[in-house]
Amino acid sequence: MIATDGSDNAKNAVSYGIEIAKGTGAEVYAVYVVSDEYALVARRGISWAKGIEDKLVDSGGRATAYVEEAGKEAEVQVESVLLKGRPAEEIIDYAEKNDIYLIVMGTLGLTGVKRFLIGSVAENVVRHSKVPVLVVR
């Protein structure tokens, strides 16, 4: 499974994940999680929150399409999956429920106060996943 948010760091992880899949003959699940945290801003109006959700879904489509294209070039089968919720929890849950053997994901590599303030989906996945995780910077 390649968990992606479409960032440059995630794209680095895509390269690694596709190469691993090609070498092992594995199928790849390209997973993007539409964070439900936008709902917290729904107080500004339902149409505003819906607009944010639509934008995130569109971003997810582009992010997973990137993985699909990389897979096509490497002759690796890729299935796109869009989930909604808290990213780390959804990634872990999907991996465990679908017998995923490896989670590949990118990270910004933040340290110190920035990591504390921003948090890290990758760090939470590493800490709580029963499935092995490869984190790529």
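Residues numbered from 1 in each chain as written. Predicted model: local features only at pLDDT ≥ 70, side-chain atom pairs only at ≥ 80, totals over all residues. Heavy atoms only, no water.

A. Representation of the overall build of the protein within the structure. The secondary structure content of the protein amounts to five helices and five strands. Each helix and strand of the protein, placed in order from N terminus to C terminus, yields the pattern β-α-β-α-β-α-β-α-α-β. Buried residues in the protein amount to 36% of all 137 residues. Of all intrachain contacts in the protein linking residues separated by at least 6 positions in sequence, the fraction that spans at least 24 positions is 76%. (Helix = DSSP H or I, 4+ residues; strand = E, 2+ residues; numbered from the N terminus. Buried < 20%, exposed > 50% of the residue type's maximum accessible area, 1.4 Å probe, protein only. Contact = heavy atoms within 4.5 Å.)

B. Geometry of the pairing of strand β4 (residues 103-106). The alternating pattern of β4 places Ile103 and Met105 on one face and Val104 and Gly106 on the opposite face, and all of these are buried. With two bridges joining them, strand β1 (residues 2-3) and β4 adopt parallel strand pairing. Its bridge partner being in β4, Ile2 is matched across the sheet by Val104. Where β4 and strand β5 (residues 133-136) come together, four bridges link them in parallel fashion. Considered in β5, the bridge of Ile103 is made with Val133. (Pairing = 2+ DSSP bridges.)

C. Region of interest: the packing of aromatic side chains. According to the stated counting rule, one finds one aromatic pair in the structure shown. Stacked on the ring of Tyr66, the Lys or Arg Lys11 has its end atom at 5.0 Å from the ring centre. (Phe/Tyr/Trp six-rings, centres within 6.5 Å; stacked < 30°, edge-to-face > 60°. Lys NZ or Arg CZ within 6 Å of the ring centre and 35° of its normal.)

D. Structural context of the packing of helix α3 (residues 87-97) against helix α5 (residues 121-128). One can describe the packing of α3 onto α5 by two numbers: an axis separation of 8 Å at closest approach and a directional angle of 40°. As judged from the angle between their axes, α3 and α5 are oblique. The way α3 lies across α5 gives a crossing that is right-handed. Listed contacts from α5 to Pro87, Ala88, Ile91, Ile92 and Glu96 of α3 are Val121, Asn124, Val125 and His128. Tallied by class, the residues present in the contact of α3 with α5 amount to six nonpolar, two polar and one charged. (Axes fitted to C-alpha atoms, helices over the stretch in contact; angles between N-to-C directions. Parallel < 35°, antiparallel > 145°, perpendicular 65-115°, else oblique. Left-handed = near helix turned anticlockwise from the far one by under 90°. Nonpolar A, V, L, I, M, F, W, Y, C, P; charged D, E, K, R; others polar.)

E. Seen up close, α3. Taken as a whole, α3 has its buried residues at Ala88, Ile91, Ile92, Tyr94 and Ala95. The buried residues of α3 occupy an angular sector of 165° when projected down its axis, which confines them to one face. Directly after α3, the chain includes Asp99, whose backbone phi takes a positive value near 50°. (Arc of directions from axis to C-beta.)

F. Representation of the nonpolar core. With 17 residues, the main nonpolar core has Met1, Val31, Ile91, Tyr94, Ile103, Met105 and Val125 as its most contacted residues. Of all the elements in the fold, those that place two or more residues in this core are β2 (28-35), β3 (78-85), α3, β4 and α5. The element that contributes the greatest number of residues to this core is α3, accounting for five residues. Met1 has contacts with Tyr29, Val31, Ile91, Tyr94, Ala95, Ile100, Leu102, Ile103 and Val104, leaving out every residue within four places of it along the chain. Counting 13 residues, the second largest nonpolar core, distinct from the first, contains Ile2, Val28, Ala30 and Ala74. (Core = buried A, V, L, I, M, F, W, Y, C linked by side-chain atoms within 4.5 Å.)

G. Spatial organisation of the layout of surface pockets. The computed volume of the second largest pocket comes to approximately 270 Å³. Lining the second largest pocket we find 15 residues, and of these Met1, Ala26, Glu27, Tyr101 and Leu102 sit closest to its centre. Here the element with the most residues in the lining of the second largest pocket is helix α1 (residues 8-24); it accounts for four residues. Across the lining of the second largest pocket, the residue classes break down as 11 nonpolar, two polar and two charged. (1 Å grid on protein atoms, 1.4 Å probe; cavity = no way out; pocket = protein on both sides within 12 Å on 5 of 7 lines; lining within 4 Å. Points joined across faces, edges and corners; volume = space filled by probe spheres on them.)

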